[in-house]
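Architecture at a glance
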Amino acid sequence: MEKDKKQKNRRERGEFDLKPIADDATFRFSCHPGISCFNACCHEIDVVLTPFDVLRLKKKLGIRSDEFLVKYTTMQTYKDSEIPLLKLTVKDEKRRQCIFLGEEGCSMYECRPTVCRNYPTGVATQDPTAGQSAQPFFIIEEDMCQGHFEGQNWSIPEWKANQGVAELDELNKPWLEMIPRLKSLRLKDDKDQKLNIFIMVSFDQDTFRSFVFESSFLERFEVSQATADLIRKDDDELLKFGFKWLEFVLFGEGPIRPRKH
Ligand code: SF4
Ligand code: SF4
């Protein structure tokens, strides 16, 4: 009991044992509904969302992205920066249970966010304000998690494949690569406007859809008919297109350019 309380306090203070893991190393782990600590990790938690997490979750819920953002998320910034950080909200400020935690466990298990799939692994470069690490992955060890004492040995790629993270990593990659570069916008006068566009494209995909198809966007930017048809019918493609357009808006780079009149 005392140990549980201590661990809870460590979690509240954001203190974990983070053990760097080499590329060719393995870790032992198993997580399943019968385990004594089932769902303990869904309390006192910060679930940071990627754009494709938001897209999957709002689709599963059958709601628009703007409604999803209001009902289920909270927008913060990375420490000592103005880089937006979107997190799932919590149900109970005291116990800080994830909004999607139900009686039977995660109510969104099939489309649970990337950070939940990765657990107990983490990426050292997830914080864009931190420097590069020679050892990019680490294992999160918390006393309450019994999963470290069960199951088979996994390499990081094996765990990612088992948890369905590899596809999400690939889809989010161009966006994740953009995040550390947002720091360079700090001195630009039009920073706020750029950050608002970044937030719309990244997380409010239905508003971005309206922006593309219900404004003069397609007249102003060089977008082929084939691309316009593709992004009109496919939400994943629209988001991938959005990442490319962000490269232009934020850094003046990338394949999407204004039309020459
Ligand atoms: S989304 Fe699901 S798995 Fe992730 S913290 Fe919430 S309840 Fe747990
Ligand atoms: S084994 Fe670890 S990850 Fe699985 S439910 Fe328990 S605390 Fe959570």
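Since the structure is predicted, the reported quantities are computational estimates derived from the model, not experimental observations. Per chain, residues are indexed from 1 in the order of the written sequence. All chains are assigned letters beginning at A, and all ligands numbers beginning at 1, according to the order in which they are written. Only residues with pLDDT of at least 70 are given local features in this predicted model, and only at 80 or more are side-chain atom pairs given and counted; all residues enter the totals for whole chains, interfaces and linings.

**Concerning the overall build of the protein chain**
As a reminder, the rule being used: Only runs of H or I of at least four residues qualify as helices and only runs of E of at least two qualify as strands under DSSP, and these elements are numbered from the N terminus. Counting other C-beta atoms within 10 Å of its own, a residue is labelled buried from 20 upward, exposed at 12 or fewer, and partly exposed in the gap between, with every C-beta atom placed from the backbone. Note that contacts rest on C-beta atoms placed from the backbone: two residues are in contact if these are within 7 Å.
A count of helices and strands for the protein chain gives 11 helices and nine strands. Scored against the burial criterion, the 261 residues of the protein chain give a buried share of 24%. Taking all contacts inside the protein chain whose residues are at least 6 apart in sequence as the whole, residues at least 24 apart take part in 68%.

**Looking at the nonpolar core**
To be explicit about the condition: A set of buried residues qualifies as a nonpolar core if it consists of Ala, Val, Leu, Ile, Met, Phe, Trp, Tyr and Cys joined through C-beta atoms within 7 Å. Segment limits for the domains were obtained from an automatic or database-derived domain assignment.
Residues V47, V54, L88, C98 and L246 are the most contacted members of the largest nonpolar core, which totals 35 residues. Looking at this core, the elements with two or more residues in it are α2 (51–61), α3 (65–72), β4 (84–88), α4 (114–118), α6 (165–178), α7 (191–203), α8 (205–213) and α11 (235–251). It is α11 that contributes the most residues to this core, seven residues altogether. Domain assignment of the residues forming this core places at least three in each of domain 1 (2–172) and domain 2 (177–251).

**What about the site of ligand 2?**
We count it as follows: Whether a residue is near a molecule or strand depends on its C-beta atom, generated from backbone atoms, being within 6 Å of that molecule or strand. Residue classes follow a fixed rule: Ala, Val, Leu, Ile, Met, Phe, Trp, Tyr, Cys and Pro count as nonpolar, while Asp, Glu, Lys and Arg count as charged, and any other residue, Gly among them, counts as polar.
Near ligand 2 you find C31, I35, C37, F38, N39, A40, C41, Y119, M144, C145, Q146 and G147, and these make up its full shell. Of the residues belonging to the shell around ligand 2, the class tally is nine nonpolar, three polar and no charged.

**Observations concerning unusual backbone geometry**
Here Y119 and P120 are connected by a cis peptide whose omega angle stands at 15 degrees. The topology assignment puts P120 in the loop between α4 and β7 (121–123). The phi torsion at N39 lies on the positive side, around 75 degrees, for a residue other than glycine. Within the secondary structure, N39 sits in the loop between β2 (27–29) and α2. Although it is not a glycine, E44 adopts a positive phi angle of roughly 50 degrees. Examined against the element boundaries, E44 turns out to sit in the loop between β2 and α2. Note on E44: 21 C-beta atoms within 10 Å, which makes it buried.

**Focus: the packing of helix α10 (residues 225–233) against α11**
Geometry of a packed helix pair, given as the angle between the helix axes and the separation of the axes. The condition is simple: Interaxial angles span 0 to 180 degrees and are taken between N-to-C directions of axes, which are lines fitted to C-alpha atoms, for helices over the stretch in contact. The scheme is simple: roughly parallel for angles under 35 degrees, roughly antiparallel for over 145, roughly perpendicular for 65 to 115, oblique for anything else. Should the near helix be turned counterclockwise from the far one by less than a right angle, the crossing is left-handed, whereas a clockwise turn marks it as right-handed.
Following both chains from N to C, one finds α10 and α11 inclined at 125 degrees, their axes separated by 5 Å at the closest point. Relative to α11, the element α10 lies oblique. Handedness of the crossing formed by α10 with α11: left-handed. Mapping the contact onto sequence places T227, L230 and I231 in α10 and E237, L238 and F241 in α11. A breakdown of the residues in the contact of α10 with α11 according to their chemical character gives four nonpolar, one polar and one charged.

**Some words on the pairing of strand β3 (residues 73–77)**
How we decide: For two strands to pair, DSSP has to find at least two bridges joining them.
Inspection of the sheet shows β3 paired to β4 by five bridges, in the antiparallel sense. Across the sheet, the residue bridging to Q76 is L85, located in β4.

**Brief notes about the sheet that holds strand β8 (residues 137–141)**
Across the sheet, three strands lie side by side as β1-β8-β7; this open sheet has antiparallel pairing. Each end of this open sheet is capped by a strand with a single partner; those strands are β1 (17–21) and β7. Averaged over all neighbouring strand pairs, the angle between strand axes comes to 40 degrees, with direction disregarded. Across five bridges, β1 lies against β8 in antiparallel orientation. By the bridge assignment for β8, D17 is matched with E141.

**Structural notes on α2**
Extensive coverage of α2 is indicated by the burial of eight of its 11 residues. Taken together, the buried positions of α2 are occupied by P51, F52, D53, V54, L55, R56, L57 and K58. Of the residues trailing α2, G62 is marked for its positive phi of about 70 degrees.

**Notes on the environment of F52**
Take F52: it is sitting in helix α2. Taking the C-alpha atoms as reference points, F52 and F203, 151 residues apart in sequence, are found 8.4 Å from one another. Discounting chain neighbours no more than four positions away, the residues touching F52 are L168, L171, N172 and L239.

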